[in-house]
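Per-entry structural report
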Amino acid sequence: MALRCHYSCYFHGRHHRNQGRRVTARAELQPADGVLTAFTSGETQAMALALEAALKGPRGANPLVGAVVVDSEGRQVVTGYHRGAGTAHAEADAITQATEAGLDLSGCTMVVTLEPCNHVGRTGPCTEAIIGAGITDVVYAVDDPHDPAAGGAATLRAAGVRVRSGLAAEDGTSQWISSPESLADNHGIRGRIDAILVGTQTVLVDNPRLTARDSSGRPAPKQPVRAVMGLRDVPADAAILGGDGLAVHLPTRDPREALTLLYGSGVRHVMVEGGSRILSAFLSAGLVDELIVYLAPTLLGSGTPALNGLGITSLPDAQQWEWDPSDGGAVRTLGRDLRLHLRPQRRVALDHPPTRDTAEQAQGGY
């Protein structure tokens, strides 16, 4: 029996002028930023109410979902929940109740336990209902893992709705898989690299800040350049842009070209931090010098894979890695997690150089 492990991994490398371009990269199954976006006390309280409302629904094929709408002062306006397959989703239920009560939701914030759906099933997409109601902010706890329904966050942002994710309930429940110790370790890495790189898809879906922060959540003294790689534009209100001038858009899907652009600006050490397509592109191109994997003792069943096609069709073509004893050792315990530290086997990397077709296949559409 095979188990699919959900883990966070970081690929590290250096960019050498005469020895090929090398990288640091990270693949995560949680939102790319290791620090929660700032939420108001009213939003946190609303999430607790949304979770309570969700439990009123029946368990079945559809998930239990609750939604609470609050006004600009954080006061609860209306609460909705999903009553089972074929009935209105929690978001639509709340909006319908407001309409029937003659309440105007323009400028309000919706707090919901699951990313609003983006497809037509037995009911219409919740994204359309939210946009139509004039709701300007959406806060949700976890991404929708169901592919046909996913993508609601990107649709809302494209319509001008401010979207934030990762809000925990007051009891600490949230979407984070890695332990606090692993997240702190990640921020320590961010504080010593030159640049952190993600794809445009990660920016559109997760809206991360990608800053380095200390144990108290304050910005670290040294911040990496925040690079976004891909052909799509970065939204003007994206959190990654910040206000410090450290964000840069790399309009390419070619990992080597992206590194060349960064090298020209003085960057020598890059950490690639997802998602799966962009990580696969760097691995397929042979640009990863170091791999750090955070393995949590959590089984989630099927889900988003950390990698998305490396062009490997047989075992002899598999990428081979070896344990790296540097930087604290090859295997460390961080809270509940294991931190695995690896480097590529040099001999295998030389015997099986990546092809351009393989790298382009892995790049996909980030």
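Right above here is the structure, for reference.
Cut-off values and rules
- Position numbers for residues start from 1 in each chain and track the written sequence from start to end.
- Given that this is a predicted model, residues contribute local features only at a pLDDT of at least 70 and side-chain atom pairs are listed and counted only at 80 or more, while totals for whole chains, interfaces and linings are drawn from all residues.
- With hydrogens and water excluded, all non-hydrogen atoms of the structure serve as input to the side-chain values.
- Helical segments are the DSSP runs of H or I of at least four residues, strand segments are the runs of E of at least two, and each set is numbered from the N terminus.
- Exposure is judged per residue with a 1.4 Å probe applied to protein chains only, and the accessible area is read against the type maximum: over 50% gives exposed, under 20% gives buried, and values in between give partly exposed.
- Residues form patches when they are more than 30% accessible in relative terms and have no salt bridge. Like charges link within 9 Å. Nonpolar side chains (Val, Leu, Ile, Met, Phe, Trp, Tyr) link within 5 Å.
- With residues, only the protein chains shown are counted as cover, and all accessible areas are computed by Shrake-Rupley using a 1.4 Å probe.
- Here, a salt bridge means any Lys or Arg side-chain nitrogen found within 4 Å of an Asp or Glu carboxyl oxygen.
- Starting at the helix axis, one direction is taken to each C-beta atom, and the arc is that of these directions.
- Here a pair means two rings of Phe, Tyr or Trp (six-membered ring of Trp) with centres within 6.5 Å. Their orientation is stacked below 30 degrees between planes, edge-to-face above 60, and tilted elsewhere.
- Note on criteria: charge over ring means Lys NZ or Arg CZ within 6 Å of the ring centre, with the direction from the centre no more than 35 degrees off the ring normal.
- Only buried Ala, Val, Leu, Ile, Met, Phe, Trp, Tyr and Cys residues count toward a nonpolar core, and they belong to the same one when joined by side-chain atoms within 4.5 Å.
- Two strands qualify as a pair provided that DSSP identifies no fewer than 2 bridges between them.
- Note on definitions: angles span 0 to 180 degrees between N-to-C directions of axes, and those axes are lines fitted to C-alpha atoms, for helices only across the stretch in contact.
- It only takes one pair of heavy atoms within 4.5 Å for two residues to be counted as in contact.
- Expected helix span is taken as 1.5 Å per residue step, with the number of steps being one fewer than the number of residues.

**So, unusual backbone geometry**
Trans is the prevailing form of peptide bonds, just as negative phi is the prevailing case for residues other than glycine. Although it is not a glycine, Leu210 sits at a positive phi angle of roughly 60°. Mapping Leu210 onto the fold places it in the loop between α6 (200–206) and β9 (225–229). Looking at Leu210, the relative accessible area reads 0%, which means it is buried.

**Brief notes about the environment of Ile189**
Positionally, Ile189 belongs in helix α5 (residues 180–190). Residue Ile189 is classed as buried on the basis of its relative accessible area of 0%. A C-alpha to C-alpha distance of 9.9 Å links Ile189 and Pro224, two positions 35 residues apart in sequence.

**Some points on a nonpolar patch on the surface**
A cluster of nonpolar side chains, contributed by Trp323, Val331 and Leu338, occupies part of the molecular surface with about 290 Å² of accessible area. Its place among the elements puts Trp323 in strand β13 (residues 321–323).

**Quick word on helix α7 (residues 255–264)**
Turning to α7, its buried residues are Pro255, Ala258, Leu259, Leu262 and Tyr263. Buried positions in α7, seen along its axis, are confined to an arc of 135° and lie on one side of it. Following α7 by one or two positions, Gly266 has its phi on the positive side, about 100°.

**Topic: the packing of aromatic side chains**
Any two aromatic rings considered together are summarised by their centre-to-centre distance and by the angle between their planes. Following the criterion strictly, the structure yields zero aromatic pairs and no others. The ring centre of Tyr81 lies 4.0 Å from the NZ or CZ of Arg83, which sits over that ring. For Arg268, the ring lying beneath its charged end belongs to Tyr263, and the centroid distance is 3.6 Å.

**Quick look at the pattern of salt bridges**
In the structure shown here, the tally under the stated rule is 12 salt bridges. For the salt bridge of Arg192 with Asp327, the shortest nitrogen-to-oxygen distance reads 3.2 Å. Of this pair, Arg192 sits in the loop between α5 and β8 (195–199) while Asp327 is found in the loop between β13 and β14 (331–334), placing the two residues 135 residues apart along the sequence. Between Glu322 and Arg343 there is a salt bridge whose closest N-O contact spans 2.9 Å. One end of the pair, Glu322, is in strand β13; the other, Arg343, is in strand β15 (residues 337–344), and 21 residues separate them in sequence.

**Considering the nonpolar core**
Core analysis: the largest hydrophobic core is formed by 24 residues, its most contacted members being Leu197, Leu262, Val270, Val272, Ile278 and Phe282. Within the residue set of this core, elements represented by two or more residues are β8, β9, α7, β11 (269–272), α8 (276–284), β12 (288–295) and β15. By residue number, the principal contributor to this core is α8, which donates four residues. Listed in part, the 22 residues of the second largest apolar core include Val78, Ala98, Leu114 and Val138.

**Brief notes about the sheet that holds strand β4 (residues 76–81)**
With respect to topology, five strands assemble into an open sheet ordered β4-β3-β5-β6-β7, the strand pairing being mixed. Looking at strand neighbours, the two that pair on one side only are β4 and β7 (162–165), the edges of this open sheet. The sheet shows a mean angle of 15° between the axes of neighbouring strands, direction not considered. Note: strand β3 (residues 66–70) against β4, five bridges, orientation antiparallel. Within β4, the residue paired with Ala67 across the bridge is Gly80. The strands touched by helix α1 (residues 41–54) within the sheet are β3, β4, β5 (109–114), β6 (137–142) and β7, with β5 carrying the most contacts at an inclination of about 50°. Set on the sheet, helix α2 (residues 90–100) makes contact with β3, β4 and β5; between it and β4 the angle comes to about 135°.

**Section: α1**
In this model, α1 (14 residues) spans 20 Å end to end at C-alpha, consistent with the 20 Å of a helix rising 1.5 Å per residue. Among all positions in α1, only Gly42, Glu43, Thr44, Ala46, Met47, Ala48, Ala50, Ala53 and Ala54 are buried. In this structure, the buried residues of α1 make contact with β3, β4, β5, β6 and β7.

That's the geometry; what it means functionally is another story.
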